[in-house]
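Structural characterization, general
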Amino acid sequence: MGLRVLSICGGLETGLLALKELGIPVDEYHTYEIFEPAIELSKRHFPEIIHHGDVIGADFSQFKGFDLVMAGTCCQSLSVVRQENNQVCSGLMGKSGIFFEYARAVKEIQPKWFLLENVVPKSKTDQNIITDNLGGKFLS
């Protein structure tokens, strides 16, 4: 029996590719993604993916009990390399705030495992907020 997986901001769905490369069977794979070129490419390579569109305000109750919830949420406003102005480098108050949808999914679904791939935040405050929301620790 394979995993039931929810991916948030999965882009090209390299998470599914990694699971396949590792030989981990996947029975069901759902994703929330809005970037059309990424959706088109993932559909071409992984026609079994079930796409759900925009994650903002999504109802996660249908995924209760899934094995794995993973995400590669936006890093633009968290990254230390984006320091040109406060509008771009606004931490979790900017584009990277989509993290909170992922944290909500993890809390509501209560999966066996969760995985968040992102940059180490430039702000220690943002790093602590992420850690506090997920109860994990940063591996850098």
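See the structure shown above.
Report on the accompanying structure.

With respect to the sheet that holds strand β4 (residues 68-71)
Pairing within the open sheet is parallel, and its 5 strands lie in the order β3-β2-β1-β4-β5. Looking at which strands have only one partner, the edges of the open sheet turn out to be β3 (50-51) and β5 (113-116). Where strand β1 (residues 3-8) lies against β4, 4 bridges are found, and the strand directions are parallel. Of the residues in β4, the one forming a bridge with I8 is A71. Sheet strands in contact with helix α3 (residues 99-109) are β1, β4 and β5, and its direction is about 175 degrees off that of β4.

Some remarks on the nonpolar core
Counting residues in hydrophobic clusters, the biggest one holds 22 residues, and the most contacted among them are L6, I8, Y32, F60, V69, Y102 and I109. Within the residue set of this core, elements represented by two or more residues are β1, β4, α3 and α4 (124-134). Considering every element that reaches this core, the biggest residue donor is α3, with 6 residues.

Details of α4
Within the sequence span of α4, burial applies to D126, Q127, I130 and L134. Projected down its long axis, α4 shows its buried positions confined to an angular sector of 105 degrees, all on one face. Exposed positions of α4 whose direction lies more than 90 degrees from the buried face are K124, T125 and D132. On the buried face of α4, the contacting elements are α3 and β5. Where α4 starts, the residue carrying a side-chain oxygen 3.1 Å from the main-chain nitrogen of T125 turns out to be S123. G135 sits one or two positions beyond α4 and adopts a positive phi of about 70 degrees.

Thresholds applied
- Residues numbered from 1 in each chain as written.
- Predicted model: local features only at pLDDT ≥ 70, side-chain atom pairs only at ≥ 80, totals over all residues.
- Heavy atoms only, no water.
- Pairing = 2+ DSSP bridges.
- Helix = DSSP H or I, 4+ residues; strand = E, 2+ residues; numbered from the N terminus.
- Contact = heavy atoms within 4.5 Å.
- Axes fitted to C-alpha atoms, helices over the stretch in contact; angles between N-to-C directions.
- Core = buried A, V, L, I, M, F, W, Y, C linked by side-chain atoms within 4.5 Å.
- Buried < 20%, exposed > 50% of the residue type's maximum accessible area, 1.4 Å probe, protein only.
- Arc of directions from axis to C-beta.
- Polar contact = N/O pair within 3.5 Å; in protein donor to acceptor, adjacent residues only side chain to side chain.

The quantities given are spatial measurements derived from coordinates; they are silent on function.
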